[in-house]
Amino acid sequence: MSKVTLEWCREQDAEDPLRDLRNRFDLPEDLIYMDGNSLGPLPKGVAERVANTINTEWRTDLIKSWNTADWIKLPSKIGAKIAPLIGASAHEVISADSTSVNLFKVAAAACKINPDRFEILSEPGNFPSDLYMMQGLTKFLGGNYKLKTANRTGIIDAITEKTAVVVLTQVHYVTADMLDMVAITKAAHDKGALIVWDLCHSVGAVPLDLNGANADFAVGCGYKYLNGGPGAPAFLFVADRHLEAVEQPLTGWMGHKAPFDFVDAYTPNDSIKRMLVGTPSVLAASAFDTALDAFSGVNMADIRHKSLGLTKLFIDLVQQELSDYSFKNATPTDSNRRGSHVSLMHNNGYAIMQALIDHKVIGDFRAPNYMRFGFTPLYLGYEDVYRAVETLAEIMETEVWQDPKYSERGSVT
Ligand SMILES: Cc1ncc(COP(=O)(O)O)c(C=O)c1O
């Protein structure tokens, strides 16, 4: 491997077709933001949109805005904007609730349309909330239902005639290991199982084709690579072929066929709206709706090409510049298996990450010892990656991370 230089990184930036997209974000100039896989930054236009929602739609127009500003249509409108990013049709996607709640709804619906099978299959070390929700669901369903887990490397072999539904996160939240959606979906279907994909660490960062893979259900997050804002509504996907049969357990009025008829009996909406529960959070949804415009005209193949370029550069530079400091890469070097973040293991990872954040390179930490760096092609460049590793090298060399203040733990890491 030839030595990576700052000049080489600048050349890559000069040739990058996405380089001007950083202008779509309101990011502090002096910051290298490598945590878009946890909380995307503020896209331009969002602050104005939310101000308008508050000052005109809410303050002046008040209740009329449900109709005049189409507040009621926001979940479908956002779903339609997400659909092309995940290889779905607009009518198969809707935005609502949190990923955890959506996962409960779709997994319950999948169990219902695949009766006489009582196993939900997932992987140990999946994002904890996914496992917790499936533990809650199987307990709630009672009877013979149980959650089984198998390592992602052996997941296909673990799918059996007993499996009702397979619940997997396509890009792992720590390692960024990326599963083969086509092969695993097919393996599930071959055994008569259904599949739910968690796309939290995929959507907006890797090209997705849910319908091309024949996926059944999916859920995903609004506040990571989609930049919808802290606690943004999540989204869910139900394949067209299941829509008519899908019954979800949280039968709130927004999922009703005619919510404003105010009748006593629940009848599900004919469309994907049956997956809704209660009133949408309009301020958050307005922010998310405008945030998604940052993807307007952007080709996901260009995003993927640059994402792989940035993650490879980071992995190479860590090897080149930090070989003295016991960092261990936890992320696949095989580009077919790598999502858009990189995790480095280090025993002092927490303190080192806090020092790095203090030096204006923002990543995050996941217990027990992972330093996680997100690479978002919309606003991060090759020189940024070079500078980030340079700063990390300085922190290691000067041992500034040993300052006790960097070991103090906040409640969010
Ligand atoms: C892979 C994955 N699934 C699910 C969740 C939970 O999302 P929420 O807090 O919106 O329910 C997260 C949150 O970070 C996640 O990373």
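Residues numbered from 1 in each chain as written. Predicted model: local features only at pLDDT ≥ 70, side-chain atom pairs only at ≥ 80, totals over all residues.

1. With respect to the domain arrangement of the protein
- Along its sequence, the protein is organised into domain 1 (6-30 + 299-407) and domain 2 (47-295).
- If you average the C-alpha positions of domain 1 and of domain 2, the two centres end up 30 Å apart.
- Contacts between domain 1 and domain 2 engage 22 residues on the former and 14 residues on the latter.
- Of all the secondary structure elements, the ones that give two or more residues to the side of domain 1 that touches domain 2 are helix H11 (300-321), strand S10 (341-345) and strand S13 (370-374).
- Considering only residue class, the side of domain 1 that touches domain 2 consists of nine nonpolar, seven polar and six charged. (Domains from an automatic or database assignment. Contact = placed C-beta atoms within 7 Å. Helix = DSSP H or I, 4+ residues; strand = E, 2+ residues; numbered from the N terminus. Nonpolar A, V, L, I, M, F, W, Y, C, P; charged D, E, K, R; others polar.)

2. So, the sheet that holds strand S12 (residues 364-366)
- Taking strand neighbours across the sheet as the criterion, the four strands line up as S9-S10-S13-S12 in an open arrangement whose pairing is antiparallel. In this open sheet, the two strands that pair with only one neighbour each are strand S9 (328-329) and S12.
- Here H11 sits on the sheet in contact with S9, S10 and S13, set at roughly 20° to S10. (Pairing = 2+ DSSP bridges. Axes fitted to C-alpha atoms, helices over the stretch in contact; angles between N-to-C directions.)

3. Side note on the packing of helix H2 (residues 46-58) against helix H10 (residues 282-291)
- At a minimum axis separation of 9 Å, H2 and H10 run at an interaxial angle of 145°. Between H2 and H10 lies a crossing of right-handed hand. The residues of H10 that touch H2, namely those facing Val46, Arg49, Val50 and Thr53, are Val282, Leu283, Ser286, Ala287, Thr290 and Ala291.
- For the contact of H2 with H10, the per-class residue count stands at six nonpolar, three polar and one charged. (Left-handed = near helix turned anticlockwise from the far one by under 90°.)

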